[in-house]
Amino acid sequence: MSSKEVVTMLLAGGKGTRLGVLTKNIAKPAVPFGAEYRLIDFPLSNCMNSGLDTVGVLTQYEPLVLNSYIGNGSSWDLDSRDGGVTVLPPYLSDSGGRWYQGTADAVFQNIQYIDLYDPDYVLVLSGDHIYKMDYSLMIEEHKEKGAEASIAVREVPWEETYRFGVMITDEEDRIKDFQEKPDEARSNLASMGIYVFNWPLLRDYLEADAADPESDRDFGKNIIPTMLEDQRQLYTYQFSGYWKDVGTIKSYWQGHMDLLREEGKSLDLYDRDWVICSVNPNRPPQYVAETAEVSNSIINKGTRIRGSVKNSVLFYGSEVARNAVIKDSVLMPNVSVGEGVHINKAIIGQNSVIERDALIGSGEDEELEVTVIGEGERIEDGEEIEHGSAIGI
């Protein structure tokens, strides 16, 4: 096996409990997004566009859909014999086996895979964020600064800092302190969960962490703070582009609504210089009937629309009947919407059937909560589902 300068480890084993019914049967990175994609398409496409050709995908929770989807990585040009993409679930060895206990433990359990390529650097990514980023620029800056670890950060509103790990830096972007989801933040530079490490150093820290019975086996809680305590050369890499952690129902819904902005789109899915690739079977063309009204929406292949669709995202195979109204919503693959149905600010799971005259997302409040219908659910004729409900738990 020839050596590689960089090996990428893509963490894709998360259960995604905050997404509720959307991750009932699949891992969070396998959740559909943007009418055409799954969440994991974004980091894999970023690797492809960044010229990184050796990627280990660490899977665990409900891995079958994700494993089948990734396949040999050809959809992202990651099917090279010398590298490519490798799915890495937990496995049993002579010394035993166990589930991944945390983000750091997942990488620790795959030290042998990384050592096959004898890299100088390891890039660690999450498999469930929506963004476009050239990782090669981050790696280059890491080398220029003589960093031992680099953490991608972006500024967030101060009122949202409690949701993130935040970095306190000096004027040269060297990290001086770290706060994990603070009540009173001293910085609004939030970690994006994207790390570059010098591999020999990280290897030592992973082994020490694995030997510590008190550790949570986590990069944010253990590895990074320990490196800071040891006064290692840790730097931030500031990212100013669009980035969305779609780990909650509200943020997942908002990520879709962001795609529909006409002026200065937050995330350009039509950028020919940075293509987001996916694995999808061929579908027949869309059909938009004479009775249909479609505005400010993304409509995928194989959809048939006879009703009204406004400010919404429809995945492949969805059907909207006559006199139905879809507004501010996300319909996952193969959803059937009957005549006279009204759907407002909702996420409808794939293969669900909404029968005629049903009302999804009802309520008088001006600020409706997102309603979620799980996979394969059937909403009966005339049934009313109040806003903020979650059906299919």
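Below: a short report on this structure. Given the structure is predicted, the values throughout are model-derived calculations rather than measurements.

### Let's talk about the overall build of the protein
At step 1: Along the backbone of the protein there are eight helices and 31 strands.
At step 2: Reported as C-alpha extents along the three principal axes, the dimensions of the protein are approximately 65 × 50 × 40 Å.
At step 3: Each of the 393 residues in the protein was classed as buried or not, and the buried ones make up 54%.
At step 4: Surface summary for the protein: the accessible area is close to 17,700 Å², and the carbon and sulfur share equals 42%.
At step 5: In the protein, 36 positive and 65 negative side-chain charges are present, and the distance between their average locations comes to 4 Å.

### Overview of the pattern of salt bridges
At step 1: Under the counting rule described, the total for this entry stands at 20 salt bridges.
At step 2: Taking the shortest distance from any N to any O, the salt bridge between E140 and K143 comes out at 3.7 Å. Linking E140 with K143, this pair stays in helix α5 (residues 135-144), spanning three residues, or about one helical turn.
At step 3: As a salt-bridge pair, D357 and R356 come within 3.8 Å of each other at their nearest N and O atoms.
At step 4: Accessibility expressed as a relative area gives 45% for D357, which makes it partly exposed.
At step 5: Residue classification places R356 among the partly exposed positions, given a relative accessible area of 42%.
At step 6: It is possible to trace a salt-bridge network through shared partners that takes in K4, D53 and D82.

### Quick word on the sheet that holds strand β29 (residues 378-379)
At step 1: Pairing is parallel across the open sheet formed by six strands, whose spatial order is β14-β17-β20-β23-β26-β29. Each end of this open sheet is capped by a strand with a single partner; those strands are β14 (287-288) and β29.

### Quick word on the side chain of R217
At step 1: Among the structural elements, R217 can be located in the loop between α6 (199-210) and α7 (219-229).
At step 2: We note that R217 is buried and unpaired, the nearest opposite charge coming from D209 at a distance of 4.3 Å.
At step 3: Within the structure, the side chain of R217 is placed 2.6 Å from the backbone oxygen of D212, a separation counted as a polar contact.

### Regarding unusual backbone geometry
At step 1: A positive phi angle, close to 75 degrees, is found at A35, a residue other than glycine.
At step 2: You can see A35 is positioned in the loop between β2 (32-33) and β3 (37-38).
At step 3: With a phi close to 50 degrees, K345 is a non-glycine residue in the positive phi region.
At step 4: Examined against the element boundaries, K345 turns out to sit in the loop between β24 (342-344) and β25 (346-348).

### Some words on the packing of aromatic side chains
At step 1: Following the criterion strictly, the structure yields ten aromatic pairs and no others.
At step 2: Here F164 and W243 contribute two aromatic rings whose centre-to-centre distance is 6.1 Å and whose plane-to-plane angle is 50 degrees, an arrangement assigned as tilted. Separated by 79 residues along the polypeptide, F164 in the loop between β8 (149-155) and β9 (165-169) and W243 in strand β13 (residues 243-245) bring together distant segments of the chain.
At step 3: Under the relative-accessibility criterion, F164 is labelled buried at 8%.

### Quick word on helix α1 (residues 41-49)
At step 1: With eight of nine residues buried, α1 is to be regarded as a mostly interior element.
At step 2: Trailing α1 by a residue or two, G51 shows a phi angle of about 80 degrees, which is positive.

### With respect to the environment of G247
At step 1: Assignment of secondary structure puts G247 in the loop between β13 and α8 (249-259).
At step 2: Beyond its immediate chain neighbours, meaning those up to four positions away, G247 contacts R18, L19 and K28.

### As for α6
At step 1: Taking 1.5 Å of rise per residue, twelve residues should cover 16 Å, and α6 covers 16 Å from first to last C-alpha, within 8% of that figure.
At step 2: Along α6, the residues classified as buried are W199, L201, L202, Y205, L206 and D209. Taken end-on, α6 shows its buried residues confined to a sector of 155 degrees, consistent with a single buried face.
At step 3: The inward-facing, buried residues of α6 abut α3 (103-108), α4 (111-115), β6 (121-126), β11 (189-198) and α7.

### Considering the packing of α6 against α7
At step 1: At a minimum axis distance of 11 Å, the contact between α6 and α7 shows a crossing angle of 120 degrees. In terms of orientation, α6 lies oblique with respect to α7. Crossing of α6 against α7: the hand is right-handed. Residue-level inspection shows L201, L202, Y205, L206 and D209 of α6 in contact with α7, the latter providing F219, N222, I223, T226 and M227.
At step 2: Partitioning the contact of α6 with α7 into residue classes produces seven nonpolar, two polar and one charged.

### As for the state of the cysteines
At step 1: By the definition in use, this model includes zero disulfides.
At step 2: No disulfide involves C47; its nearest neighbouring cysteine sulfur is the one of C277, lying 12 Å away.
At step 3: When its relative accessible area of 15% is taken as the criterion, C277 is described as buried.

### Thoughts on the sheet that holds β24
At step 1: The strand order across the open sheet built from six strands is β15-β18-β21-β24-β27-β30, with neighbouring strands paired in parallel fashion. The strands lining the two open edges of the sheet, one partner per strand, are β15 (293-295) and β30 (384-386). Within this sheet the neighbouring strands show an average axis-to-axis angle of 15 degrees, counted without direction.
At step 2: Two elements, strand β18 (residues 308-310) and strand β21 (residues 325-327), share three bridges in a ladder whose sense is parallel. By the bridge assignment, S308 is partnered in β21 with V325.

Calculation rules
- Residues numbered from 1 in each chain as written.
- Predicted model: local features only at pLDDT ≥ 70, side-chain atom pairs only at ≥ 80, totals over all residues.
- Heavy atoms only, no water.
- Helix = DSSP H or I, 4+ residues; strand = E, 2+ residues; numbered from the N terminus.
- Buried < 20%, exposed > 50% of the residue type's maximum accessible area, 1.4 Å probe, protein only.
- Areas by Shrake-Rupley, 256 points an atom, 1.4 Å probe, with all protein chains shown as cover.
- Lys, Arg positive; Asp, Glu negative; His and termini not counted.
- Charge placed at Lys NZ, Arg CZ, Asp CG, Glu CD.
- Salt bridge = Lys/Arg side-chain N within 4 Å of Asp/Glu carboxyl O.
- Pairing = 2+ DSSP bridges.
- Polar contact = N/O pair within 3.5 Å; in protein donor to acceptor, adjacent residues only side chain to side chain.
- Phe/Tyr/Trp six-rings, centres within 6.5 Å; stacked < 30°, edge-to-face > 60°.
- Contact = heavy atoms within 4.5 Å.
- Expected span 1.5 Å × (residues − 1).
- Arc of directions from axis to C-beta.
- Axes fitted to C-alpha atoms, helices over the stretch in contact; angles between N-to-C directions.
- Parallel < 35°, antiparallel > 145°, perpendicular 65-115°, else oblique.
- Left-handed = near helix turned anticlockwise from the far one by under 90°.
- Nonpolar A, V, L, I, M, F, W, Y, C, P; charged D, E, K, R; others polar.
- Disulfide = S-S within 2.5 Å.

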